[in-house]
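Next come the chains, spelled out residue by residue.
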Amino acid sequence: MKNVKGISFLYNKEIGYLEIIEEKDGISEISFLGNTDIEKRKSLYNIFIESPLTKKCKKQLEEYFNGKRKEFNIKLDIRGTEFQKQCWDSLLKIPYGETISYSDEAKMIGNDRAVRAVGSANGKNCIPIIIPCHRIITKDGKLGGYSGGEGGNKGVEIKKYLLELEKKFK
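Keep in mind it's a predicted model, so treat the numbers as computed, not measured.

**Details of the overall build of the protein**
Here is step 1: When helices and strands are counted, the protein shows six helices and five strands.
Here is step 2: Mapped in sequence order, the helices and strands of the protein form the string β-β-β-α-α-α-β-α-α-β-α.
Here is step 3: For 170 residues, the compact-globule formula gives about 15 Å, and the C-alpha radius of gyration of the protein, at 16 Å, lands near that figure.
Here is step 4: Per-residue burial for the protein yields a buried fraction of 49% across its 170 residues.
Here is step 5: Carbon and sulfur atoms form 49% of the exposed surface of the protein, whose accessible area is close to 9200 Å².

**Looking at the UniProt feature "domain: Methylguanine DNA methyltransferase ribonuclease-like" (unreviewed entry) in the protein**
Here is step 1: Within this structure's numbering, the places UniProt gives as "domain: Methylguanine DNA methyltransferase ribonuclease-like" (unreviewed entry) are residues 10–78.
Here is step 2: Taken end to end, residues 10–78 is 32% helix and 29% strand, and its first and last C-alpha atoms sit 21 Å apart.

**Describing the packing of helix H3 (residues 82–91) against helix H5 (residues 115–123)**
Here is step 1: Contact pair H3 / H5: the axes reach a minimum separation of 9 Å and the direction vectors enclose 85°. Taken together, the axes of H3 and H5 lie roughly perpendicular to each other. Each of Phe83, Gln84, Cys87, Trp88 and Leu91 in H3 lies in contact with H5, whose residues at this interface are Ala117, Val118, Ala121 and Asn122.

**Overview of helix H1 (residues 38–45)**
Structurally, the α-helix is built with 3.6 residues per turn, so residues lying three or four positions apart point the same way.
Here is step 1: Turning to H1, its buried residues number three or more, namely Ile38, Arg41, Lys42 and Tyr45. In an axial view of H1, the angular spread of the buried residues amounts to 100°, which keeps them on one side of the axis. In H1, the exposed positions angled more than 90 degrees off the buried face are occupied by Lys40 and Leu44.
Here is step 2: As for H1, its buried residues are in contact with strand S1 (6–12), strand S2 (16–23) and strand S3 (26–34).
Here is step 3: Of the residues that open H1, the one with a side-chain oxygen 3.1 Å from the backbone nitrogen of Glu39 is Asp37.
Here is step 4: One or two steps after H1, the chain reaches Asn46, where phi turns positive at roughly 55°.

**As for the side chain of Glu105**
Here is step 1: Mapped onto the secondary structure, Glu105 falls in helix H4 (residues 102–108).
Here is step 2: Buried charge without a partner: Glu105 forms no salt bridge, and the closest opposite charge is Lys159, 9.1 Å away.

**Comments concerning unusual backbone geometry**
Among all residues except glycine, the phi angle is most often negative; among peptide bonds, the trans geometry is most common.
Here is step 1: Positioned with a positive phi, Ile129 is a non-glycine residue whose angle comes to about 75°.
Here is step 2: Residue placement: Ile129 occurs in the loop between H5 and strand S5 (136–137).
Here is step 3: A relative accessible area of 1% places Ile129 in the buried class.

Cut-offs and rules
Sequence order sets the numbering: in each chain, residues are counted from 1 along the sequence as written. pLDDT decides what is reported in this predicted model: residues at 70 or higher carry local features, side-chain atom pairs at 80 or more are listed and counted, and totals for whole chains, interfaces and linings draw on all residues regardless. As a rule here, side-chain values come from all non-hydrogen atoms in the structure, and water together with hydrogens is ignored. Helix numbering and strand numbering both begin at the N terminus, where a helix is a DSSP run of H or I of at least 4 residues and a strand a DSSP run of E of at least 2. Taken over C-alpha atoms, the radius of gyration is set against a globule rule of 2.2 Å times the number of residues to the power 0.38. Only protein chains enter the accessibility calculation, which uses a 1.4 Å probe; a residue whose area is less than 20% of its type maximum is buried, one above 50% is exposed, and one in between is partly exposed. Note on areas: Shrake-Rupley, 1.4 Å probe, and residue coverage restricted to the protein chains presented here. UniProt positions are given in the numbering used here, feature names are shortened, and annotations may be inferred rather than shown by experiment. Axis lines are fitted through C-alpha atoms, for helices just across the contact stretch, and the angle between N-to-C directions can take any value from 0 to 180 degrees. Here roughly perpendicular refers to angles of 65 to 115 degrees, roughly parallel to angles under 35, roughly antiparallel to angles over 145, and oblique to all remaining angles. It only takes one pair of heavy atoms within 4.5 Å for two residues to be counted as in contact. Each C-beta atom gives one direction from the helix axis, and the arc is the one those directions make. By the criterion applied in these results, polar contacts are pairs of N or O atoms within 3.5 Å in which, for protein atoms, one can donate a hydrogen and the other can accept it, and in which residues neighboring in sequence qualify only through two side-chain atoms. We treat Lys and Arg as the positive residues and Asp and Glu as the negative residues; His and chain ends play no part in the count. We count a salt bridge whenever a side-chain nitrogen from Lys or Arg sits within 4 Å of a carboxyl oxygen from Asp or Glu.

Written out as C-alpha cells, the structure reads:
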C-alpha cells in the first residue's frame, strides 16, 4: 500500500486525466488515466486531498500544456534501480523541444551497448513529462514506444502530442 500524502488530477483534452501522487519525499508518480472515473480512483488510495506539492505540480503541468513552462522545479521522489535513475537523470538533460535516440542516451550514460536496457528503464519512468522520456526516439527518427498508463494503448499518441506541443512552443 502506498503512503500517499496528496493526490491531484489534471484534465487535458488531448490526453485525458493525469494523476499526480505525492508520497514520502516528493512527487512519486504521474499517471495517464484517460477518462477514468476520478472519484473511484481516489478511493483506491483512501485519500481525497491535494497536498501543496501536488497542487504546485498540477499548476506547473498546466503551464507546460499552455506553452508557458519549459522546465519544472518540483521535488521528486524517484524510485528505481541505480541504472534506471542514471537513465532518468540523463533524460532531464535533454532540452525542451528536442529529441535524441535511445542509442544517444546509452552513450550519455557511458554504456553504448545498453540501448535496449535504456529503453526498458525509460518505460518504467513513473514521472513522465517532468522526467521527459517522450523526448527519446528511435535512431531512424520514428517515435518508438511510450507507456500509455491506464489510459489504454494511447502511449504513442500521447508521445506524439507532447513532442508536437513542445515543437509548437519551442
